[in-house]
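Listed below are the residues making up each chain.
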Amino acid sequence: LGTVDKLRRWIWISPGWMAIMKNPPPAPTGAGPNDSVEHQWYIERVLAQGFHVVALDTGTMLGSPAGADIYHQLYTKVTRDYRLYYKARLMGQSNGGLMVYAWAFRHPRYVDRILGVYPATDFTSWPGLNLVVGPNAITPPGLGFNMTLEQLQAHIHELNPIDNFEPLVVAGVKIYHLHGDQDTTVPIDPNSLEYARRYTACSGRIEIGVVHGVGHSPVPSFYQNQKALDFLLAN
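Please read these numbers as outputs of a predicted model, since none were measured by experiment.

What follows covers the overall build of the chain. Of the regular secondary structure elements, the chain holds 10 helices and six strands. Rg of the C-alpha trace for the chain: 17 Å, near the compact-globule value of 18 Å for 235 residues, within the 12% margin. On the principal axes, the C-alpha backbone points of the chain span a range of 50 × 40 × 40 Å. Looking at the 235 residues of the chain, the share that counts as buried comes to 54%.

Pairing between the strands of a sheet comes from backbone hydrogen bonds, and it takes one of two forms, parallel or antiparallel. Across the sheet, six strands lie side by side as E2-E1-E3-E4-E5-E6; this open sheet has parallel pairing. Each edge of the open sheet carries a strand with a single partner, namely strand E2 (52-55) and strand E6 (205-211). Neighbour to neighbour, the strand axes of the sheet diverge by 15° on average, direction disregarded. Direction of pairing for strand E3 (residues 88-93) relative to strand E4 (residues 111-117): parallel, over a ladder of six bridges. In the sheet register, Gly92 faces E4, and the bridge partner there is Gly116.

A few words now on the pattern of salt bridges. Counting across every chain of the model gives 11 salt bridges. Asp81 is the salt-bridge partner of Arg80, the closest N and O atoms lying 2.8 Å from each other. With a relative accessible area of 39%, Asp81 lands in the partly exposed category.

Once that is clear, we can look at the environment of Leu98. Tracing the backbone shows Leu98 in helix H4 (residues 96-106). Residue Leu98 is classed as buried on the basis of its relative accessible area, which comes to 0%. For Leu98 and Ala55, which are 43 residues apart along the polypeptide, the C-alpha to C-alpha distance reads 15 Å.

The next subject is the side chain of Lys87. Structurally, Lys87 can be placed in the loop between helix H3 (65-81) and E3. Here Lys87 occupies a buried position and makes no salt bridge, while the nearest side chain of opposite charge, Asp112, is found at 5.5 Å. With sequence-adjacent residues up to four places away left out, Lys87 is seen in contact with Trp10, Arg109, Tyr110, Val111 and Asp112.

We now examine unusual backbone geometry. A negative phi holds for most residues other than glycine; trans holds for most peptide bonds. Ser14 connects to Pro15 through a cis peptide bond whose omega is -5°. If you trace the backbone, Pro15 turns up in the loop between strand E1 (10-14) and helix H1 (17-20). That bond from Trp126 to Pro127 is cis: its omega, 5°, falls within 30 degrees of zero. Note on placement: Pro127 falls in the loop between E4 and helix H5 (129-132). Notably, Arg83 is not glycine yet its phi reads approximately 55°, a positive angle. Among the structural elements, Arg83 can be located in the loop between H3 and E3. Here the phi dihedral of Tyr118 falls at roughly 30°; this positive angle occurs in a residue that is not glycine. Tracing the backbone through its elements, the reader meets Tyr118 in the loop between E4 and H5. According to the relative accessible area criterion, Tyr118 is buried, its value standing at 3%.

The next point concerns the confidence of the model for the chain. With 92% of its residues at a pLDDT of 70 or more, the chain shows a mean pLDDT of 93. Counting contacts from residues 27-35, a segment whose pLDDT is below 50, to residues more than four positions away or on other chains yields 21 contacts.

Viewed as axis vectors pointing N to C, H3 and H4 meet at an angle of 75°, and their least axial separation amounts to 9 Å. On the basis of their axis angle, the class for H3 and H4 is roughly perpendicular. Of the residues in H4, those in contact with Pro65, Ala68, Tyr71, His72 and Tyr75 of H3 are Met99, Ala102, Trp103 and Arg106. In terms of residue class, the contact of H3 with H4 is made up of seven nonpolar, one polar and one charged.

Of all the residues in helix H2 (residues 40-48), the buried ones are Gln40, Trp41, Tyr42, Ile43 and Val46. One or two residues past the end of H2 sits Gly50, with phi positive at roughly 90°.

On to the pairing of strand E5 (residues 174-180), then. Along a regular strand, successive side chains alternate from one face of the sheet to the other. The buried fraction of E5 amounts to seven of the seven residues, a majority that puts the element mostly inside the structure. Burial of the side chains of E5 extends over both faces: Lys174, Tyr176, Leu178 and Gly180 are buried on one face and Ile175, His177 and His179 on the other. Remark: the E5/helix H8 (residues 189-201)/E6 crossover connection has right-handed handedness.

Rules and cut-offs
- Residues numbered from 1 in each chain as written.
- Predicted model: local features only at pLDDT ≥ 70, side-chain atom pairs only at ≥ 80, totals over all residues.
- Heavy atoms only, no water.
- Helix = DSSP H or I, 4+ residues; strand = E, 2+ residues; numbered from the N terminus.
- Rg over C-alpha atoms; globule rule 2.2 N^0.38 Å.
- Buried < 20%, exposed > 50% of the residue type's maximum accessible area, 1.4 Å probe, protein only.
- Pairing = 2+ DSSP bridges.
- Axes fitted to C-alpha atoms, helices over the stretch in contact; angles between N-to-C directions.
- Salt bridge = Lys/Arg side-chain N within 4 Å of Asp/Glu carboxyl O.
- Lys, Arg positive; Asp, Glu negative; His and termini not counted.
- Contact = heavy atoms within 4.5 Å.
- pLDDT = per-residue confidence, 0-100.
- Parallel < 35°, antiparallel > 145°, perpendicular 65-115°, else oblique.
- Nonpolar A, V, L, I, M, F, W, Y, C, P; charged D, E, K, R; others polar.
- Right-handed = clockwise from strand over helix to strand, strands pointing away.

The following block contains the structure:
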């Protein structure tokens, strides 16, 4: 490993298991050398540049206020106890997009940039409101929205990450997404492309790298992408 970055900058990966999983299932065909950690290719390279890597394995919080609160507890700990830089570089994959954006729009001054890998940004698109709240909610105990469907619908624009991009624009947060145009799980149009339309309309800095002919799949186009790595490490 190289010397520690003088500013003690860091990459925050969500979901956490993509950075810390010790005994993952076999890597998907074509996923590349990710036999021990999902984002091994990125992690090795950012560590070599002296960056720290942070992750918290919480389960699928879907951008809930409780999830954003526990993320802020982690942020407070690593910046206070480990003296990491006050601005985080966030990397959110799939449902991790909802998690990083939910924390980011509440704390924009602590965000440097956001890399999304086929990220969900609108929880009405993925996973759908029936899985956000109610008896079929997929959030972990204690980290959900703690409201009824009717209550969520009444406050949806206060809570949904795609409706809360303006604080990030004002803070000058830079964004880059990689997203497949054949993604049927987290469709590109209502998530990455719509987020980009809104962000750009407010003069925000965002770029979408469209991966043609690929869906929601951990292939090298997403897991070993040089442009994404350069974005994470840029000054």
